[in-house]
Each structure stands twice: as C-alpha cells, then as structure tokens.
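Residue strings, one per chain:
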Amino acid sequence: MTTHTVDTTQELAAFLRARREQLDPADLGLPVRRQTRRTPGLRREEVAELAGVSVDYVVRLEQGRGLRPSAEVVEALARALRLAPVERAYLFNLAQQRPRGAEQAASAAQPSLARLVTDLSPLPAMLLNHRYDVLAWNPEMARLLVDFATLPPTQRNAMWLCLRHPRVRELYVDRERVVREGVAQLRAAWAAHPDDQELTDRITELLTCDEEFARLWGQREVTVAGRGDKVLRHPEAGTIAVRFEVLAPLQDPDQRLVIFRAADGPSQAALDRLCAG
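What you see is a predicted model; the values in this text were computed from it and never measured.

Caption draft 1: Here's a closer look at the layout of surface pockets. Size it by volume and the second largest pocket reaches roughly 660 Å³. Every residue lining the second largest pocket is counted, 31 residues in all, and those nearest its centre are Leu128, Tyr132, Ala158, Gln185 and Lys230. Elements with a minimum of two residues in the lining of the second largest pocket: strand S1 (125-128), helix H8 (158-164), helix H10 (175-192), strand S4 (238-247) and strand S5 (256-262). It is H10 that contributes the most residues to the lining of the second largest pocket, 8 residues altogether. For the lining of the second largest pocket, the per-class residue count stands at 24 nonpolar, 4 polar and 3 charged.

See below:
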C-alpha cells in the first residue's frame with residue numbers, strides 16, 4: 001500500500017472504525033447482547049452511547065462524509081474508544097482540532113529527565129515546563145544562575161527570576177534582549193495553553209508588579225527560541241558567554257531540557273573555575 005498526502009476525512013473515518021473494532025465490549029462493562037455480533041469490537045450504537053452523540057453522527061463520521069467534529073466531540077470519542085495519549089493526539093490532528101487542556105503543566109520533573117539533568121554535568125542544565133517553572137537543575141546551573149534550592153517553589157520560575165530576583169536581574173549583559181525574548185516566549189506559551197489558569201495568574205502577577213514586563217507584554221511580540229546565545233556577568237567568575245539548546249522530549253513534551261555550553265575558551269575556563277569551586 002502506498003500513501004501520498006493525507007486525506008484527513010477518510011483517515012479519520014478509517015481510524016475510528018479500526019479502533020472501534022479492536023475494543024472488547026466486555027472490557028468496557030457493556031451488557032452482553034443475545035444476538036451474535038457480525039463484526040468484531042463495538043457496535044456503532046455502543047460508541048455513540050459512550051460518547052454521548054447520535055448513532056447517525058458516528059455513521060457519517062465512519063463513512064467519511066465530510067464532517068468536522070468539534071474538540072468536545074473528539075474528546076468524547078477518544079474517551080469512548082479508550083485511546084492512548086498518542087492515539088488521542090492523532091485523532092485531534094485528523095479532526096484539525098486542538099485538545100482543550102490537553103497539556104497540563106508538569107509540577108514535578110519526570111524522574112528519568114531529572115536524572116538526565118544530573119548526568120549532563122559538567123554542562124549546566126535545567127528542566128522547565130511551559131510556564132518556565134524550574135523543575136530540576138544540576139549543581140553547575142545552580143552555581144551559574146542561582147541556588148534554586150534556597151528559593152520557595154513560587155519563585156523557581158525563569159521569567160520571575162529574570163525580572164524580580166536581585167542577583168539574576170543583574171546577571172545578563174544584554175538584559176533588555178533577554179527579557180524581551182523571555183516575554184515573547186511566555187506570550188507564545190500563553191496562547192498555546194489558554195486554559196492554564198496558573199499561567200494566567202503568573203502573567204497577571206507580573207503585569208501588576210513589574211513595569212518592565214507590562215511594557216514588553218503590551219508590545220505583543222511572539223517567539224520560540226530553541227537555541228541562542230547569552231552573555232553573563234557572574235559576580236564570582238566574571239564574564240561568561242554561553243550557547244543554549246532547548247530540547248523537548250517526545251513522551252513529555254511539556255518538559256523542556258535547557259543545556260548551556262561555553263561559547264569560547266575564556267568562558268569555558270571561567271565555567272571550570274566556578275564549578276570547581
């Protein structure tokens with residue numbers, strides 16, 4: 001079988017049929033019916049009942065008759081068909097919908113990612129969520145930026161630290177650019193997670209208490225920086241130029257791994273001295 005461009009309507013129909021036929025009614029607690037089932041899996045009326053939609057709607061979807069289900073209907077179908085997270089995401093993509101509240105911000109580091117942050121030493125590394133909360137860090141990142149362990153959890157946020165922490169505020173040589181890019185990235189995250197009340201509360205807090213943030217937020221710049229350069233003026237080690245990479249794990253896309261590397265020889269020497277101390 002060969003495939004070309006995706007006909008999302010037909011693939012949506014085929015995917016729904018395939019997943020329906022793979023389910024065992026007994027596993028879903030459905031009553032055993034006396035008549036013999038002519039096809040494996042659930043009947044369309046059973047899927048309709050589980051999803052809270054009409055049987056005719058399910059029939060038309062499975063016949064590929066050009067329907068575009070809403071995000072709420074896609075979510076109901078995903079629950080009814082007991083889809084795994086990756087299958088659920090696939091169904092939303094086929095329906096050209098974005099799941100509401102699909103990506104809840106992680107409040108704790110995934111254990112294997114936290115271990116990876118430690119294993120990356122001596123490279124400074126940390127783990128963030130989409131709110132830019134700092135979930136994990138290694139000793140090198142703590143020495144370079146701030147000792148996160150001494151901060152209350154509400155202050156372990158990259159944007160808050162850059163704006164409000166006395167030491168971190170003075171750390172970046174090109175502070176205006178760093179803050180501007182940070183605000184633009186936070187705005188992109190806010191648009192991608194419109195139902196995240198904690199993120200909205202964080203933004204409201206910064207708008208209220210920080211004039212610089214309010215000014216930059218009002219400019220409505222948007223960006224996503226997966227790599228870049230920063231120059232730090234460290235109070236102990238002097239000037240350190242770093243290059244950073246941001247990586248998103250496939251199975252935990254809400255957690256972003258940030259890795260710093262020295263940009264030149266003098267910066268590497270300064271990092272070595274700082275971390276050795």
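Picking up where we left off.
Caption draft 2: Representation of the nonpolar core in the model. Counting 40 residues, the largest nonpolar core has Leu145, Phe148 and Phe213 as the members making the most contacts within it. Among residues more than four places away in sequence, those in contact with Phe148 are Met126, Val134, Trp137, Met141, Ala142, Arg156 and Leu161. Ranked by size, the runner-up nonpolar core spans 25 residues in total, among them Val73, Leu77, Ala80 and Phe92.

Caption draft 3: The arrangement of the pairing of S4 in detail. As judged from the 8 bridges shared by strand S3 (residues 227-234) and S4, these two strands associate in the antiparallel manner. Residue pairing in the sheet places Arg233 in a bridge with Thr239 of S4. Hairpin connection of S3 to S4: 3 residues between the antiparallel strands. As paired elements, S4 and S5 share 6 bridges and run antiparallel to each other.

Caption draft 4: Molecular detail of the side chain of Asn138. By secondary structure assignment, the location of Asn138 is in the loop between strand S2 (134-137) and helix H7 (139-144). Here the side chain of Asn138 touches Ala125 through a polar contact of 3.1 Å, landing on its backbone nitrogen. In this view, Asn138 contacts Val117, Thr118, Leu120, Ser121, Leu123, Pro124 and Ala125; residues no more than four positions away in its chain are not counted.

Caption draft 5: Local environment of the pattern of salt bridges. Scanning the model with the defined rule gives 19 salt bridges in all. As a salt-bridge pair, Glu245 and Arg227 come within 3.0 Å of each other at their nearest N and O atoms. Note that Glu245 is positioned in strand S4 and Arg227 in strand S3, a separation of 18 residues in sequence. The exposure class of Arg227 is exposed, given its relative accessible area of 61%. Several salt bridges converge on common partners, so that one network encompasses Glu176, Arg180, Arg215 and Glu221.

Procedures and definitions
- Residues numbered from 1 in each chain as written.
- Predicted model: local features only at pLDDT ≥ 70, side-chain atom pairs only at ≥ 80, totals over all residues.
- Heavy atoms only, no water.
- 1 Å grid on protein atoms, 1.4 Å probe; cavity = no way out; pocket = protein on both sides within 12 Å on 5 of 7 lines; lining within 4 Å.
- Points joined across faces, edges and corners; volume = space filled by probe spheres on them.
- Helix = DSSP H or I, 4+ residues; strand = E, 2+ residues; numbered from the N terminus.
- Nonpolar A, V, L, I, M, F, W, Y, C, P; charged D, E, K, R; others polar.
- Core = buried A, V, L, I, M, F, W, Y, C linked by side-chain atoms within 4.5 Å.
- Buried < 20%, exposed > 50% of the residue type's maximum accessible area, 1.4 Å probe, protein only.
- Contact = heavy atoms within 4.5 Å.
- Pairing = 2+ DSSP bridges.
- Polar contact = N/O pair within 3.5 Å; in protein donor to acceptor, adjacent residues only side chain to side chain.
- Salt bridge = Lys/Arg side-chain N within 4 Å of Asp/Glu carboxyl O.

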